[in-house]
Structures are given as C-alpha cells and as structure tokens.
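Each chain, letter by letter, is given below.
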Amino acid sequence: SDQLEQGAAVVKMIVEEAPRPEDAGIIMSAAFSPDGLLFAAGNNKGVTHVWVNNSEVKGGWKVLVKLKGHEGDVVACSWSATREEGAGPILMTAGLDKEVKWWQTKDGSIGGEWKNVSTFTAPHADHLSDCVPLTHLGTHALVTASGDKTIKVHTKTGSTHLGTWACRATLTGHTKAVLSIAPSIDFDGVLTIASASLDGSARLWTAPSALPDLATVTDTPWATVTLAGAAISQHGGDRRLAFCPTDNALLAVTSHKSVLLWERWETLEADATPETKPTDPRWEQTAELKGHGGFVNSVSWRADGALLASCDHAGQLMTWRRAAPSGEGLGRFEPFTSCVVGTTFWTCVFSSGRGVDMMAAGGFTGVPMVVATAEMAPVEFERIPADTKRAAETERTSLEVATFFKAKGNDLFKNQKFTDALEWYSSALPALPPPSASTSETNQPSEARDTRLAVLCNMAACDLGLGHFAAADAHCTQVLEDFPEHPKALFRRGTARMGLNDLVGAEEDLLAAQLVLPPGEPQVVTALNQVAFSKAYNWFGLGQDGLFDVEEASYLTLQAAVDIKGLPDVFGSHVQTMRMIHTGEMKLDKDGEQPQKLAESIQSLDEAFPESQQLEVTEEALLTDASVSEAVPNDQAPKPAFAGQGCMQYALDQMTLAGAQPDALMDARFVVPPVSRCPKNNGFIRVLPLLGLTRAVVPQVGDLAVYTTGYVVEKDKIGLARGQAAHAAIVVQVDLPSAAGEKGEVIVQSKISKASGRALRHPVRVIPPINFNVAGGGPYVYFYREAAR
C-alpha cells in the first residue's frame, strides 16, 4: 500500500544519512529521554552512545557522548523521569556483567562531562538479561532478570536520590534463563511483571500488595499465570513483551515470526467456579499479528496505545494500527507500515512526552533509525495519562538540550564556521517551547524564551556572515515579533536590509536600535553611516569618498562646442585631458601633484584664452544642452544674490549660518571687488564646522555642495575629505529614484554669472564650469548641512 511504501522511504532515508559513531556495535537496548530529545543506545561492546535530536538538520541525530562502563552487552537503558534541582538528566544502563549504572553530567548540563554517579551490582547468580526501573508514589524500584532463571524486585533505600537498593522479592518458576521482563503498575499501585524465558514460556507475576508495601510483605507469595501457547522462540532480542501504556489489560508478546496479543478478562460473580474467585483475572490470546519474515526480536507501544511497533532478525520493521472497535476486546490491530533494511533489528522503542511520535529501531548497523510516526498516524493525546512530573522534566531537559546546541553553535561561530554553527543553532529551536508557551503567567521573559530569542539572533549573525541577508531578515523578524525592542535583532535586521538594498527599512531598524542601545554605540553609528553612503551611491551615483562619475554629456557638450563655436583645438584637447583625469586613466603623481601632461594642457589653454574668458566659454558651451545645464534668473535663487560674488560666498549666502562663529563668518564671506579674500584650498573645508555646518552624506535641498580636487587627502569623522576646495554651490532640488535600480538626481545652483546675470543650475554630476581648468584629480563633491536642519 501507499502507507507501506511511505514507511519504507522514511526509514531508508535515515539509515543512509545517519553517521556511524565511534565504537559502534550491535545495538542491544535503547531508550528515549522523557522529552524525546535524547536517545540512549547500548551495544554489545559495553558502550552506550547518547544521541541528541538534531532533526531539523540533515543527518537526523548527533552523538552527544560515549559512555563506557560495562563488560559485554548493555542489556537495558532507561531515563529517569525526575531528578534533583540543578542536576542533569539521569540515564540508567544495565549490563550483562550484572552491574546497573547511573550516569549524569557533573555540572547539570547535557553538554558537560558525563560521570558514572552510582553503581549497583544485582545479586544474581548468573548474567543480567534485563533491568527496568519504575516509580510509584515516591517509591523507586528496580526489576531485574537473569540467566539464573530468576526475577528480582529491589526498592531504593537511603535518602539520596539514587541511594542503595534492597531486594524485596525473588520470583522463581522459569526453568531456563529469563530473557525479558515488562512491569506494569495498576491504579492501586500493585505491580505485575510479564516475563519471557528461554524455556519457551511467558509468565505474569502479580505482587501481593502495592509497591510501597513490598518491604513488609516479603514472605507473601506472588500470584503467577502462565500464558498458554505463548511459545517464546529460542533467539535473542530486547523487548520480547510489552504492556499497552494506556491499558495494562493488553500485552504484546513475541512468538517466532508473529506478535501475540493477550488480554486480561475479569471473572464476574456469575462466572465464578469453586476454583476461581470473582476477582481472579484470566488472560486470553485474542490476536496473532502476522507479516514478519524473520523471528520477532522486540515490540514497543506508542504512548497513546494506537500504534504497536515490532522488528525482526531479518531487518524488517513493522507498525500495527489499532483498528476501529469491532466486537469485544482491545486487541483489534491491522498492519500499517512495513519496511526492510536488510540487517538484523534487535530492539525497537517508542518515545514518550513531547517526542511521543518518535520511534527508533536498532541492531547490527550500530546506528539508531528514527521514524516520526505522527504524519502516518496522528497521536491521540487524549488517551495519554497526564503526568505533571514528567511534563516538568520534559520542559527542563528541553531547555538543557537547546542550551547545549546553542553553546556548540557559539564555539563554531567564534571560529567563523558559520554554516556549521547554523546547523547547531537550527537544532536548538525544535527543543524549545513555541513563543506562546514560553512566557510565564506574569508575562515576564522566561529562560526558554530568552534562549529562543538568543538562538534566533545568533542564526541571523551566521546568515550575515554567509551573506544570506534574506534569512537574517527572517530570523530577526521572528525575534522582533516577540520582543519588538530587542537591540541585537534590530541592529542585525538593519544590517541585513542594507544587504538587501532596502535602505529605508535598514535605516528604520538602525535608528530604533540606537534608541535602546547606549548612546554613540560605534557599530550602530558605523552602520547608519554606511546606510547613508549606500543611499548616496545607489540613488545618486555618489561614492563613499565623495568621488563621482561625471555625466558623459558634460564632455560631449564641451567637445561639440569646439565645432559649433569654432573654438581652438586646444579647448577640445583639454576636454579629453580632463576626462582622463576624472576617469583615473591619467593619475596624479606619487606626491599628489598634477602630471606633466595636465600642466601642459592648462598652459596651452591659458595661452589660447584669458582666464575670465575660459569660464564664459565653458558656461556657454554647457548651456547648449538643457539636460546638462540651464541658466535661471537671479530671482530664482533661494536668497537674493548679485553678480560678482565668489561661488563660495554665493553658496554660503543662501544659508542662515545661525550657528557660525563671528570670526569664522568674516573669513568665509568675501566680496569681489573690492576685497578678494577667501580661505581657499583646505582652508574653506576647515572653516565649515566653525560655521555650524556638519558633513551630510545623503543630500537635501538647502545643503552646501563643495567640489574638491584630489591633491590633499584629509580624514574627517565619517569619510575622506579631499583637499583643495574648487567650487561651491547650493542644493536646490533632490529627486529620489522612482523605481529600484534607477538613479535619482541632485540639482545644484552656482553663483550668478557676470556675463549673463543668471545663475547656472545643473545636475551635481555635471562638472561645474569653474572646475574646467582646475589642475587636480577627482572630481569629488561633499555636502554640508546646518545643524538646525
């Protein structure tokens, strides 16, 4: 069927991907932790591997630790459902060597060093074949089975959590070694033990009193029942029988190539005979589940009792689904999934707690093969008995698993192994409760919530390191949905959105981060500057150091003027020389001085035109193309101006300069004629802060635009200020891009021309006429803004 094929595909995928651990051997026993996040697998080499759930990442599970403590087979593994405050999870292992050991981390975290914290030697005369711990009403017990044909029940003594153990009952009756046991406690606390033996029989042993009272009734015999026809086969296996967890009146027993279901029936008053009491139970075989091709080695129930798993020595793993009720009895099951992996299975086990839908099988491969069964058959949670202690332990271990994964990821992140770190961080999230469940009733952040947010932020940091900006954005958004003012999430999402070229969104996040971080946080300041630089470049083609590409139309218009106006060839030659300087084809010498060819070009130009005429000719040439430059009437200036002003004085006169120092204002403003005084070159740039102006990266209307050359390089707070100031203008128009990938436009207005009495208005990337004969590299342009704006 489709279901059978689906089951085969799931298991096969995991078998192929699971890594083989060090000292791997035949998996003889296995157990999930209460939360389903840890999995212990004991093998025939005396080694128990603890695996940790890494289900969100390719590979399924990872080996957490290797525990070596037994000689020969590890015949049983089990996790404690409770533990002391501050202590790590407790794993019990039992070996063929008759030793029962408890393992726990020294520091209480699953990632710490695991130690053998207690050892109990079972008082059997032969090897240990099985060991099952159980707890009821504060009484801790161990049930052990042995090759000496006996079953023993021990209870804990002493005040420590593990304590010491005292034998309370020895059950005899089997004529050969006991292979496997399955205990069950009823509502009255009475213990029943099912056992399977090499003598071919399966028996049920019922205690004469409740578990807490066993210490006082050691002489009272146990009631025993032999399951007629059980026919236990003479081969190995781990869990040869198992009680249904939702109804201990249903027992599964392996028998050769089948699974037998036995049900307990209570004897009613009317059915009583002289040999039976009205309350005496009777067990009847109600079903035989067939479908295996080999001897069945192990059976296990899902916590809701809706699925039964079985595996055999031929490598076949099957699940059986509870059918709709029909007639009397509990054992109405039908085949559900089946797959064959070609190697012997020795054990299979379902998880409980949060991982109730997980099933694992193990055997000769030495690797646990884990299957999630919820997609095949949804878990019937209403059938699972509530266990508050187990629920608390589940939550606690989940946090420890997540913390361990987080720590592993942190170590890898520090070494810039971002992909590997992401794998561990990704594993931490499934271990944690979802956001709605991780906040306490007082609405204060819980440890689980804090861990989840930290993991998501760390994942975003890895994404940024790998250049996966969309993923970083998504991870930070998850954090901010739960904690809108999370500083790291705001900063990292802002950084991610820079990478996505969402500059507006990036700026919003970074400004929000600035509000919740200490003032002047360097990383945020740097990032905001970078957003501004990106805006300037992406929107207007202005580089971070102020360098820009001159509009090609500038050169074409000037070159055309040679023919249209009949200008000397030296004019056109100088245009080409300037193009070479601006594009970097002709570079300044090593001392930042002009190359000889440029000096010769300027000299030739000076010989052909007086300096005053050069400006007029250049301005007139540029005005021949309206897309390059246009002349506007004087009254269109932001403030009144007059012909004869220098470009810098004109531009400064368009500003209020309310924050200027008086002496600086006097030095900055000059009139021609009668006074020709200007703090030229670097002096003009140096005086701007004294005028209350600060550097702005993204231009706005009203900003001062300063064109500079490439002679001198001086550092300022947010970039590089190229030395000699060559021209100044005022920003009169800023057009943002209308669509992604398009460029916007910045329009500046220069001083009033003496010849025309009009102001020259042009795009910022059109070379100003006054720069035409300036000897230097570039061009560069910087914007300065009044603090009040």
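Residues numbered from 1 in each chain as written. Predicted model: local features only at pLDDT ≥ 70, side-chain atom pairs only at ≥ 80, totals over all residues. Heavy atoms only, no water.

## Quick notes on the overall build of the chain
The number of helices and strands found in the chain is 15 helices and 36 strands. When burial is assessed residue by residue, the chain has 52% of its 789 residues classed as buried. When contacts within the chain are restricted to residue pairs at least 6 apart in sequence, those whose partners lie at least 24 apart make up 57%. In the structure as shown, the chain presents an accessible area of about 34200 Å², 52% of it carried by carbon and sulfur atoms. (Helix = DSSP H or I, 4+ residues; strand = E, 2+ residues; numbered from the N terminus. Buried < 20%, exposed > 50% of the residue type's maximum accessible area, 1.4 Å probe, protein only. Contact = heavy atoms within 4.5 Å. Areas by Shrake-Rupley, 256 points an atom, 1.4 Å probe, with all protein chains shown as cover.)

## Considering the packing of aromatic side chains
Across all of its chains, the model carries twelve aromatic pairs by this definition. An angle of 90 degrees between the planes, with centres 5.9 Å apart, marks the rings of F404 and W424 as edge-to-face. Taken together, the residues F404 in helix α2 (residues 388–414) and W424 in helix α3 (residues 418–431) connect sequence positions 20 residues apart. W424 sits in the buried class, given a relative accessible area of 13%. Taken together, the ring pairs connect W102, F120 and W165 into an aromatic cluster. One Lys or Arg, K408, reaches over the ring of W424 and ends 6.0 Å from the middle of that ring. (Phe/Tyr/Trp six-rings, centres within 6.5 Å; stacked < 30°, edge-to-face > 60°. Lys NZ or Arg CZ within 6 Å of the ring centre and 35° of its normal.)

## As for the packing of helix α10 (residues 569–583) against helix α11 (residues 596–608)
Packing of α10 against α11 leaves a shortest axis separation of 10 Å and a crossing angle of 150 degrees. In terms of axis orientation, α10 runs roughly antiparallel to α11. Considering the relative orientation of α10 and α11, their crossing is left-handed. Counted together, V570, F571, H574, T577, M578, M580 and I581 of α10 and K597, L598, S601, I602, S604, L605 and A608 of α11 form the full contact between these two elements. (Axes fitted to C-alpha atoms, helices over the stretch in contact; angles between N-to-C directions. Parallel < 35°, antiparallel > 145°, perpendicular 65-115°, else oblique. Left-handed = near helix turned anticlockwise from the far one by under 90°.)

## Digging into the side chain of R492
In this fold, R492 is placed in helix α6 (residues 487–499). Look at R492: it is buried, it has no salt bridge, and the nearest opposite charge is D463 at 9.6 Å. (Lys, Arg positive; Asp, Glu negative; His and termini not counted. Salt bridge = Lys/Arg side-chain N within 4 Å of Asp/Glu carboxyl O.)

## Considering the pattern of salt bridges
Per the counting criterion, the structure on display carries 17 salt bridges. E99 is the salt-bridge partner of K101, the closest N and O atoms lying 3.0 Å from each other. Judged by its relative accessible area of 8%, K101 is buried. Look at E99 and you get partly exposed, because its relative accessible area is 24%. Note that D473 is salt-bridged to R497, the shortest N-O span being 2.8 Å. Here D473, found in helix α5 (residues 469–482), pairs with R497, found in helix α6; they are 24 residues apart in sequence, far enough to count as distant. Here the two residues D473 and R497 agree in accessibility, since each one is buried. Taken together, the shared-partner salt bridges connect D473, R493, R497 and D509 into one network.

## Some words on the sheet that holds strand β25 (residues 345–350)
Overall, antiparallel pairing links the three strands, which are arranged β25-β26-β27 in an open sheet. The open sheet has two edge strands, β25 and β27 (369–372), and neither has a second partner. Averaged over all pairs of adjacent strands, the angle between strand axes in this sheet comes to 20 degrees, irrespective of strand direction. Taken together, the five bridges between β25 and strand β26 (residues 358–363) define a ladder with antiparallel strand orientation. Within β26, the position partnered with F345 by the bridge is G363. (Pairing = 2+ DSSP bridges.)

## Section: the confidence of the model for the chain
Looking at the chain as a whole, its pLDDT mean stands at 80, while 80% of the residues score no less than 70. Element-level pLDDT for the chain is lowest in helix α1 (residues 2–17), with a mean of 41, against a maximum mean of 95 in strand β6 (residues 91–95). Counting interchain partners and residues more than four positions distant, the pLDDT-below-50 stretch residues 1–17 has 26 contacts. Segment residues 437–445 is flagged for pLDDT under 50; beyond a separation of four residues in sequence, or across chains, it makes eight contacts in the model. (pLDDT = per-residue confidence, 0-100.)

## Overview of the sheet that holds strand β30 (residues 704–708)
Strand order in the open sheet made by the seven strands is β28-β35-β34-β33-β30-β36-β29, with antiparallel pairing throughout. Looking at strand neighbours, the two that pair on one side only are β28 (630–632) and β29 (693–696), the edges of this open sheet. Between one strand axis and the next, the sheet turns through 40 degrees on average, direction left out of account. Direction of pairing for β28 relative to strand β35 (residues 759–763): antiparallel, over a ladder of three bridges. Residue E630 lies in a different strand from β35, and its bridge partner there is R761.

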